[in-house]
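One letter stands for each residue in the lines below.
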There are 2 protein chains.
Amino acid sequence: MSGSNGSGETAEIRHTARGLQTRSRIIDSAQQLFYIKGVNATTLDDIRLASKTSKSQLYNHFPDKLALIHAVIDVTSRFVLNREEQRLRGVRTLAGLRRWRDALVQSNALQDGSYGCALGGMSIELSDVDERSRAALSETFQAWERLLIDTLARLQKLGVLTKEANPTALGTGLLAALQGGYLLAQSAHNSKPMGIALDMALDHIDSFATG
Amino acid sequence: MSGSNGSGETAEIRHTARGLQTRSRIIDSAQQLFYIKGVNATTLDDIRLASKTSKSQLYNHFPDKLALIHAVIDVTSRFVLNREEQRLRGVRTLAGLRRWRDALVQSNALQDGSYGCALGGMSIELSDVDERSRAALSETFQAWERLLIDTLARLQKLGVLTKEANPTALGTGLLAALQGGYLLAQSAHNSKPMGIALDMALDHIDSFATG
């Protein structure tokens, strides 16, 4: 599908400003549809319609659906990790960690628990069918876990948590509580179980408080 | 699609022994494919091939894919709830609860974390696109949660857990830890994060031990 298409554009479309705009419009539409309908329930025609692109424009940027899926995983991973880094880097108290929890639960409540976590959803749909997607998503979850572990290690260094706390295990447990919370909230169409799941993990972390 | 089909069978196929066998073969194949490939990635043709049924046999039992999905949710829910009821009803100690955890993590380790929880996977794929599926899966998760809450309430009644323990919140948190653990294990293709997630939830429950 490389070379020219009906409108006279060439393969270099990728490198022009207009080409980059088209590419980003395709990724945005795919990201939204994957989030709301799911990856496998979304067709390339759905994405073309939503992004107002022609068949040849789409193929010029993404030779197949898998290439587009990989681009969406990349963009979503960077978005979530950037958001989490922003929210976690200033946390220096257990109250600060509760505010991180509140922000996540409040966003989830605004959509009545629907749609869950974009990364968790893609991981469940793709991990056993496309190794490259699984590896990329697993790397993102590890980076997310690392942000939580670093935060807990900082709290320990600041003397907020005792030496007995194990930031590594607590970070994994906290991310699992978050993901399990998203899943139960999506099924209930209610963010309440997500709040309860995170509260249990944070209560456990509180049990290592020095105060 | 009711009435007769090419092989001369009638709509009453559902009520004959052979009809019931065919129906159960279709559901078994669909259940396995949904678990391994995902619901949306599985076509009716995949299911026909795997279950060795003709198009008319399939349509005789299930007018469309959604009807088959609802049947698989029903069968899977009953299987999981029955298994959990068997495993949890005899739990009268915290060590017993750890054995329940070990059985789940060991099964997951046998498949290197792959595939996750059949119910969790279907919930993520279906909750925002089919209300009947969402409602059925939400009901199953609530029944599963209820089995955990009843177990924790029993431990409290037996004096294993203190009066300060809240079985309802702990039951929700434990199910979320399990589901989040399944999700991270599926992404990592390694059951380790599932074990860590459940251990954190059980450590928290242990903190209410009277002993």
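Residues numbered from 1 in each chain as written. Chains lettered and ligands numbered in written order. Predicted model: local features only at pLDDT ≥ 70, side-chain atom pairs only at ≥ 80, totals over all residues. Heavy atoms only, no water.

A look at the relation of the copies chain B and chain A
Using the following cut-off: Fitting of the copies onto one another was done by least squares over C-alpha atoms, counting residues only where both copies have pLDDT of at least 70. Contacts between residues were defined by any pair of non-hydrogen atoms, one from each residue, lying within 4.5 Å.
Overlaying chain B on chain A yields an RMSD of 0.0 Å, the required transformation being a rotation through 180° with an accompanying axial translation of 0.0 Å. What the rotation and shift describe, once combined, is the action of a two-fold rotation axis. Using C-alpha coordinates, one finds that chain B approaches the rotation axis most closely at G180 of chain B, a distance of 1.8 Å. Take the interface residues of chain B: 100% of them recur as interface residues in chain A, which is what a same-surface contact looks like.

Notes on unusual backbone geometry
Inclusion rule: Helix and strand definitions here come from DSSP, where helices need a minimum of 4 consecutive H or I residues and strands a minimum of 2 consecutive E residues; each element is numbered from the N-terminal end. Relative accessibility under 20% of the residue-type maximum defines a buried residue, over 50% an exposed one, and the middle range a partly exposed one, all with a 1.4 Å probe and only protein chains included.
The phi dihedral of H189 of chain A falls on the positive side, at around 50°, and the residue is not glycine. Examined against the element boundaries, H189 of chain A turns out to sit in the loop between α8 (167–188) and α9 (192–206). On the basis of relative accessible area, H189 of chain A is assigned to the partly exposed category, the value being 27%. Positive phi outside glycine occurs at Y115 of chain B, with the angle close to 75°. Relative to the assigned elements, Y115 of chain B resides in the loop between α5 (94–110) and α6 (118–126). Residue classification places Y115 of chain B among the partly exposed positions, given a relative accessible area of 26%.

Some remarks on the interface of chain B and chain A
Condition: Buried area: the accessible area, evaluated with a 1.4 Å probe, that two parts lose upon being put together, summed over both parts. A side-chain nitrogen of Lys or Arg and a carboxyl oxygen of Asp or Glu constitute a salt bridge if their distance falls within 4 Å. Polar contact is defined as a pair of N or O atoms within 3.5 Å, subject to the rule that within protein one atom must be able to donate a hydrogen and the other to accept it, and that residues adjacent in sequence are counted only when both atoms are side-chain atoms.
Tallying the contact residues gives 44 residues for chain B and 44 residues for chain A. Carbon and sulfur atoms supply 68% of the area that chain B and chain A bury against each other, a total of about 3,400 Å² over both sides. Where chain B touches chain A, the interface holds zero salt bridges. Where chain B touches chain A, the interface holds 14 residue pairs in polar contact (both at pLDDT 80 or more).

Examining the pattern of salt bridges
Residue and element names in this part refer to chain B. A complete count under the given rule lists 24 salt bridges over all chains for this structure. Residue K37 is joined to D46 by a salt bridge in which the shortest nitrogen-to-oxygen separation is 3.0 Å. For D199, the salt bridge identified is with R101, shortest N-O distance 2.8 Å. Separated by 98 residues along the polypeptide, D199 in helix α9 (residues 192–206) and R101 in helix α5 bring together distant segments of the chain.

Description of the packing of aromatic side chains
Residues and elements named next belong to chain B. This is how the line gets drawn: Aromatic pairing here means that ring centres of Phe, Tyr or Trp (its six-membered ring) are within 6.5 Å. Orientation follows from the plane angle: under 30 degrees is stacked, over 60 is edge-to-face, and everything else is tilted.
Summed over all chains, the structure comprises four aromatic pairs over all chains. Ring centres of Y35 and Y115 lie 5.5 Å apart, and the angle between their planes is 50°; this geometry places the pair in the tilted category. Here Y35, found in helix α1 (residues 17–37), pairs with Y115, found in the loop between α5 and α6; they are 80 residues apart in sequence, far enough to count as distant. Where F141 meets W144, the ring centres are 6.4 Å apart and the plane angle is 10°; that geometry is what we call stacked. Of this pair, F141 and W144 both sit in helix α7 (residues 131–157), separated by three residues, roughly a single helical turn. Judged by relative accessible area, F141 falls into the buried class, the value being 3%. Here W144 falls in the buried class, since its relative accessible area comes to 0%.

Considering helix α8 (residues 167–188) of chain B
Residues and elements named next belong to chain B. Put simply, the rule reads: Expected span of a helix, by definition, is 1.5 Å for each gap between consecutive residues, and there is one gap fewer than residues.
Taking 1.5 Å per residue, 22 residues should reach 32 Å; α8 reaches 31 Å between its end C-alpha atoms and fits that length. In terms of burial, α8 is largely enclosed, as 19 of its 22 residues are buried. Downstream of α8 by a residue or two, H189 has a phi angle that is positive, lying close to 50°.

Comments concerning the environment of L184 of chain A
Along the chain, L184 of chain A turns up in helix α8. Measuring from C-alpha to C-alpha, the distance between L184 of chain A and A41 of chain A comes to 21 Å, with 143 residues separating the pair along the chain. With residues near it in sequence (within four places) discarded, L184 of chain A still touches P193 of chain A together with F141, T172, L175, A176 and Q179 of chain B.

Structural notes on the side chain of H70 of chain B
All names here are of chain B. As for its placement among the helices and strands, H70 is situated in helix α4 (residues 65–88). Its relative accessible area of 15% is what places H70 among the buried residues. Residues in contact with H70, not counting those within four places in the same chain, are D130, R132 and S133.

Quick notes on α4 of chain B
Residues and elements named next belong to chain B. With 24 residues, α4 ought to run about 34 Å at 1.5 Å a step, and its terminal C-alpha atoms sit 34 Å apart, in line with that. Regarding α4, the residues found buried are L68, I69, H70, A71, V72, I73, T76, S77, V80, E84 and L88. Considering only its buried residues, α4 is in contact with α1, α2 (44–51), α3 (55–61), α5, α6 and α7.

Some thoughts on the UniProt feature "DNA-binding region" (unreviewed entry) in chain A
Selection criterion: UniProt positions are given in the numbering used here, feature names are shortened, and annotations may be inferred rather than shown by experiment.
Feature annotation in UniProt places "DNA-binding region" (unreviewed entry) on residues 43–62 of chain A, given in this structure's numbering. In the segment residues 43–62 of chain A, helix accounts for 75% and strand for 0%; the C-alpha atoms at its two ends are 13 Å apart.

Structural notes on the packing of α1 of chain B against α4 of chain B
All names here are of chain B. Heads up, the rule is: Axis angles are defined between N-to-C directions and span 0 to 180 degrees, where every axis is a line fitted to C-alpha atoms and, for a helix, only to the segment in contact. Geometric relationships in this document are graded by angle, where less than 35 degrees denotes roughly parallel, more than 145 denotes roughly antiparallel, 65 to 115 denotes roughly perpendicular, and other angles denote oblique.
Taken N-terminus to C-terminus, the directions of α1 and α4 make an angle of 85°; their axes are 9 Å apart at the nearest point. One element, α1, and the other, α4, form an angle in the roughly perpendicular class. Of α4, the residues touching α1 (which contributes R23, I26, I27, A30, Q31 and F34) are K65, L68, I69, A71, V72, V75 and T76.

Describing the packing of helix α1 (residues 17–37) of chain A against helix α2 (residues 44–51) of chain A
Residue and element names in this part refer to chain A. Rules: Each crossing gets its handedness from the near helix: less than a right angle anticlockwise from the far helix is left-handed, clockwise is right-handed. Here the term charged refers only to Asp, Glu, Lys and Arg, the term nonpolar to Ala, Val, Leu, Ile, Met, Phe, Trp, Tyr, Cys and Pro, and the term polar to all other amino acids, Gly among them.
It is the contact of α1 with α2, at a shortest axis distance of 9 Å, that shows an interaxial angle of 125°. In terms of their interaxial angle, α1 and α2 are classed as oblique. The two elements α1 and α2 cross, and the hand of that crossing is right-handed. Of α2, the residues touching α1 (which contributes R25, I26, S29, A30, L33, F34 and K37) are D46, I47, A50 and S51. Here the contact of α1 with α2 is built from residues that sort into six nonpolar, two polar and three charged.

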